[in-house]
Amino acid sequence: AASDVYKRQAEERPLVLVFEDLQWGDRSTLELIALLVRGLAGRGVLIVCTVRPDELHRGHPFRELAARWEQQRAVERIELPRLGAAEVREQIEAIVAGEADSELVEMIFERSEGIPLFVEELLGAVREGGVRQGYLPPSLRDVLLARVDRLSPGAQQVMRVASAGGRHVPDRLLAAVAGMPDDELYTALREIVEHQLLVVDAGGRGYAFRHALERATIHEDLLPGERARLHEAYALALEHDPGLAGGELEASAMLAHNWLAAHDLNRALAASVRAARAAVAASAPAEAQRHYEQALELWPQVPDAEQLAGLDHAALLDAAAGEASLAGALDRSLALIDEALEEVDAEREPERHAWLLARYAEPLRLRGRDNEAVATLERALALLPEGPPSRTSAYVTGSLARAMMLSADAYGRAV
């Protein structure tokens, strides 16, 4: 017997047996390993078994075997967490035998989510010069799709629908888009969850992909027309009932994303502006800036952009600049206001031009360029027409007073 051979070898010196990737082992292989574990207990033999738990569906024979082993004091179970950013850097540097570029480490860490196999495959694609936005190495793509291929046809369809919904999909929204009878849908979802492709989210209101790359792979595997149709279905469902997304901010952001992915640029522009305003109301400047910038990208492609957005191009630039400044993207804020100033003529619209100058002064001041901020605000003040106070005049004079107070040189001139 195999155990007798190993017993004799262990009498001469300590012995280590390693069995890797037992998630692929059939029942006969697992029974042989179980026999070795029983027969070699206390014989100077260390048996190491590795398994990827996210590959173990609920009925996998290894689960029953592991449950029996955990009752034995001689068996120890060790769960390895995903790698952190520093550990991903160490893995990359060990593979390339040198120092790793920080941007490369950040990109691979973000896309791999700290899974060593994904790190190695993505790094290999980088070294072969085959990386671009959304690119997956064929070997990794095949591994990820193989997990889906093991599902029933109904479960595979639910996975395709879920992939268009994003990394996290609310339960009611997924049901609305899938369009399946409840019993079929939840039978498919139970199968998917048992295969650990989707997990129930922390709030218990929806589902999340266990790996972002899994979602990206399934989404990219959709046919172009199929992909656009699914995104349109998500958008229409949210237009009909925004509550399907959970909240106004989530609904508006998902609408903007799905109309864009469905190639409906008119609706995508309007939805992007609504999403930006919802983010402003939620005090989320970085997200608001992102949506405003998306609207700016769409603007030249939409014939009735001003009517759909509810504001003109200069106002959109101003709004994006304000959120960029709040988000700490000061250089981007200055560039956006520069563009707006070119569109608003100081002679025809002096008060509006003054407003934009005052907006320009804010990131200057935050950059520590107080003297330039004061000079810019003085130019704005000179443009204001005589008359009763206005919102613009209050903003300009208040900004100037604050900037002068913070600028030692300006304060000296004022005295």
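Since the model is a prediction, treat every value here as computed from it, not as a measurement.

Along the chain, the regular secondary structure elements total 22 helices and five strands. Projected onto its principal axes, the C-alpha positions of the chain cover 100 × 55 × 40 Å. Per-residue burial for the chain yields a buried fraction of 42% across its 415 residues. Pairs at least 24 apart in sequence give 62% of the contacts found in the chain among residues at least 6 apart. Total accessible area on the chain stands at roughly 22600 Å², and carbon and sulfur atoms take up 51% of it.

So, on to a nonpolar patch on the surface. A cluster of nonpolar side chains, contributed by Val16, Val18, Leu46 and Val48, occupies part of the molecular surface with about 330 Å² of accessible area. Broken down by secondary-structure element, the contributors of at least two residues to the nonpolar patch are β1 (15-19) and β2 (45-49). Structurally, Leu46 can be placed in strand β2.

Next up on the list: the packing of aromatic side chains. Using the criterion set out here, one finds two aromatic pairs in the structure. Ring centres of Phe62 and Trp69 lie 6.1 Å apart, and the angle between their planes is 85°; this geometry places the pair in the edge-to-face category. Like Trp69, Phe62 is buried. Seen in terms of ring centroids, Trp355 and Tyr395 are 4.5 Å apart; in terms of plane orientation they differ by 40°. Their pairing is tilted. With Trp355 in helix α19 (residues 350-366) and Tyr395 in helix α21 (residues 391-406), the pair connects residues that are 40 residues apart, well separated along the chain. What makes Trp355 buried here is its relative accessible area of 14%.

The subject of this paragraph is the packing of helix α9 (residues 171-178) against helix α12 (residues 224-240). Running from N to C, α9 and α12 cross one another at 120°; their axes reach a closest spacing of 9 Å. Classified by the interaxial angle, the pair formed by α9 and α12 is oblique. Regarding α9 and α12, the two cross each other, and that crossing is right-handed. For the pair formed by α9 and α12, the contact residues are Leu173, Leu174, Ala176 and Val177 on the first element and Leu230, Ala233, Tyr234, Ala237 and Leu238 on the second.

With that settled, the discussion passes to the confidence of the model for the chain. Interpreting fine coordinate detail is not advised for predicted regions of low pLDDT. Residue-level pLDDT values for the chain average 87, and 95% of them are 70 or greater. Mean pLDDT across the elements of the chain ranges from a minimum in helix α22 (residues 408-414), with 50, to a maximum in helix α15 (residues 285-298), with 96.

With that out of the way, let us pick up the sheet that holds strand β5 (residues 206-209). The pairing of strands in a sheet happens through backbone hydrogen bonds and is either parallel or antiparallel. Overall, antiparallel pairing links the three strands, which are arranged β3-β5-β4 in an open sheet. In the strand order of this sheet, the two ends are held by β3 (168-170) and β4 (198-200), each with one partner. Put simply, the sheet's adjacent strands are angled 25° from each other on average, direction ignored. Where β3 lies against β5, three bridges are found, and the strand directions are antiparallel. Counterpart to His168 in the pairing with β5 is Ala208.

Turning our attention to helix α18 (residues 330-343). In this model α18 runs 20 Å from its N-terminal to its C-terminal C-alpha over 14 residues, within 8% of the 20 Å that 1.5 Å per residue would give. Burial in α18 covers these residues: Leu330, Ser333, Leu334, Leu336, Ile337, Ala340 and Leu341. Projected down its long axis, α18 carries its buried residues within an arc of 165°, all on one side. Against α15, α17 (313-326) and α19 lie the buried residues of α18.

Summed over the entire model, instances satisfying the criterion amount to 21 salt bridges. Taking the shortest distance from any N to any O, the salt bridge between Glu113 and Arg167 comes out at 2.8 Å. Here the residue Glu113 occupies a position in the loop between α5 (102-112) and α6 (116-127), and Arg167 occupies one in the loop between α8 (153-165) and β3, the gap between them amounting to 54 residues. Across the salt bridge formed by Glu362 and Arg402, the nearest N and O atoms sit 3.6 Å from each other. Taken together, the positions of Glu362 in helix α19 and Arg402 in helix α21 put the pair 40 residues apart, joining distant regions of the chain. By relative accessible area, which is 34% here, Arg402 ends up partly exposed.

About the cut-offs
All residue numbers here refer to positions counted from 1 along the written sequence of the relevant chain. Under the rules for a predicted model, residues below a pLDDT of 70 receive no local features and side-chain atom pairs below 80 are neither given nor counted, while totals for whole chains, interfaces and linings still include all residues. By convention in this description, side-chain values take in all heavy atoms of the structure and omit both hydrogens and water. Only DSSP runs of H or I with at least four residues qualify as helices, and only runs of E with at least two residues qualify as strands; both kinds are numbered from the N terminus onward. Burial classification: accessible surface area is computed with a 1.4 Å probe over protein chains only, and a residue below 20% of its type maximum counts as buried, one above 50% as exposed, and the rest as partly exposed. Note on contacts: a residue pair qualifies if any of its non-hydrogen atoms lie within 4.5 Å across the two residues. Per-residue accessibility takes into account occlusion by the displayed protein chains alone, with areas from the Shrake-Rupley method and a 1.4 Å probe. Residues with no salt bridge and a relative accessible area higher than 30% make up the patches, which join like charges within 9 Å and nonpolar side chains (Val, Leu, Ile, Met, Phe, Trp, Tyr) within 5 Å. In what follows, salt bridge is the name for a side-chain nitrogen of Lys or Arg lying within 4 Å of a carboxyl oxygen of Asp or Glu. Classification of ring pairs uses Phe, Tyr and Trp, with its six-membered ring standing for Trp, and accepts pairs whose centres are within 6.5 Å; under 30 degrees between planes counts as stacked, over 60 as edge-to-face, and the remaining range as tilted. Axis lines are fitted to C-alpha atoms, over the contacting stretch for helices. Their N-to-C directions set the angle, which ranges from 0 to 180 degrees. Roughly parallel means an angle under 35 degrees; roughly antiparallel means over 145; roughly perpendicular covers 65 to 115; every other angle is labelled oblique. Here a crossing is called left-handed whenever its near helix is offset anticlockwise from the far helix by less than a right angle, and right-handed whenever the offset is clockwise. Summary of the metric used: pLDDT quantifies the predictor's per-residue confidence within the range 0 to 100. For two strands to be treated as a pair, DSSP must find no fewer than two bridges joining them. Each residue after the first adds 1.5 Å to the expected span of a helix. Working definition: the arc comes from the directions between the helix axis and the C-beta atoms, pointing outward to the latter.

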